[in-house]
Amino acid sequence: MALKMRKNISPKPPQPCMLTECMAVIAGAWAPNVIWCLRAGPRRFSELKADIPPVTSKVLSTRLSELEQRGVLTRHVLPTSPPSVEYQLTALGFELIPALDAIVQVGHKLKSA
């Protein structure tokens, strides 16, 4: 016997869906980790690579570019010899920190369950 399809009584998300918009900003492998590592201040590429050991240089470079394009972080070329680059969170990037903290808290609950 086939089950009857129930009507969804959840309120429809506003269009465009803000949850989808927010998740698109932090989408991509290691993007939340990059944001997490930049929360305490500017970091250079090599420092971020050391902070997130499993990430490859190619993926980290791609993620940094994407996050810069999305307005989450800024890239500053320092006038050193050889040139050095630092990345730091923008105001939007800092606004994402509480959301990442909440996700981490749920992760702790899931792990202990």
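The rules behind the values
Residues numbered from 1 in each chain as written. Predicted model: local features only at pLDDT ≥ 70, side-chain atom pairs only at ≥ 80, totals over all residues. Heavy atoms only, no water. Buried < 20%, exposed > 50% of the residue type's maximum accessible area, 1.4 Å probe, protein only. Helix = DSSP H or I, 4+ residues; strand = E, 2+ residues; numbered from the N terminus. Arc of directions from axis to C-beta. Axes fitted to C-alpha atoms, helices over the stretch in contact; angles between N-to-C directions. Parallel < 35°, antiparallel > 145°, perpendicular 65-115°, else oblique. Contact = heavy atoms within 4.5 Å. Nonpolar A, V, L, I, M, F, W, Y, C, P; charged D, E, K, R; others polar. Pairing = 2+ DSSP bridges. Expected span 1.5 Å × (residues − 1).

Participant: Any chance you could explain helix H2 (residues 31-38) here in plain terms?
Facilitator: Helical geometry note: an α-helix holds 3.6 residues per turn, so side chains three or four residues apart project in the same direction. Those residues of H2 that sit buried are Ala31, Val34, Ile35, Cys37 and Leu38. Taken end-on, H2 shows its buried residues confined to a sector of 165°, consistent with a single buried face.

Participant: Teacher, can you tell me more about the packing of H2 against helix H4 (residues 57-69) here?
Facilitator: For any two helices packed against each other, one specifies the inter-axial angle together with the distance between the axes. For the pair H2 and H4, interaxial distance at closest approach is 10 Å and the crossing angle is 75°. For the element pair H2 / H4, the angle class is roughly perpendicular. Residues Ala31, Val34 and Ile35 of H2 lie in contact with H4, whose contacting residues are Leu60, Arg63, Leu64 and Leu67. Class assignment for the residues of the contact of H2 with H4 results in six nonpolar, no polar and one charged.

Participant: Got a minute to help me understand the pairing of strand S3 (residues 84-89) in this structure?
Facilitator: Within a regular strand, side chains alternate between the sheet's two faces. When strand S1 (residues 43-44) meets S3, the two strands line up antiparallel, connected through two bridges. Counted as the bridge partner of Arg44 is Glu86 from S3. Note: strand S2 (residues 73-78) against S3, six bridges, orientation antiparallel. The residue of S3 that forms the bridge with Thr74 is Gln88. Where S2 hands over to S3, the hairpin turn is made up of five residues, counted between the paired strands.

Participant: Any chance you could explain unusual backbone geometry here in plain terms?
Facilitator: If a residue is not glycine, its phi is most likely negative; likewise, a peptide bond is most likely trans. A cis amide bond links Ser81 to the next residue, Pro82, at an omega of -5°. Following the sequence through the fold, Pro82 ends up in the loop between S2 and S3. Its identity is not glycine, yet Trp30 carries a phi of approximately 75°, on the positive side. Checked against the element boundaries, Trp30 lands in the loop between helix H1 (18-25) and H2. Since its relative accessible area comes to 29%, Trp30 is described here as partly exposed.

Participant: Just checking my understanding: could you explain the sheet that holds S1 for this structure?
Facilitator: As a general point, the strands of a sheet are linked pairwise by backbone hydrogen bonds and lie either parallel or antiparallel. Taken together, the three strands give an open sheet; going across it, the order is S1-S3-S2, and neighbouring strands pair in antiparallel fashion. Only two strands of the sheet have a single neighbouring strand rather than two, namely S1 and S2. Relative to the sheet, H2 contacts S1, S2 and S3, its axis offset from that of S3 by approximately 95°.

Participant: Looking at this model, I keep getting lost on H4. Mind explaining?
Facilitator: Given a rise of 1.5 Å per residue, 13 residues ought to cover 18 Å, and the 18 Å separating the end C-alpha atoms of H4 matches this to within 8%. Three or more residues of H4 are buried, namely Leu60, Arg63, Leu64 and Leu67. Within H4, the buried residues cover an arc of 100° as seen down the axis, which keeps them to one side. Away from its buried face by more than 90 degrees, H4 exposes Lys58 and Gln69. Structurally, H4 contributes buried residues whose contacts are with H1, H2, helix H3 (45-51), S2 and S3. Just downstream of H4, Gly71 is the residue with a positive phi angle, here 80°.

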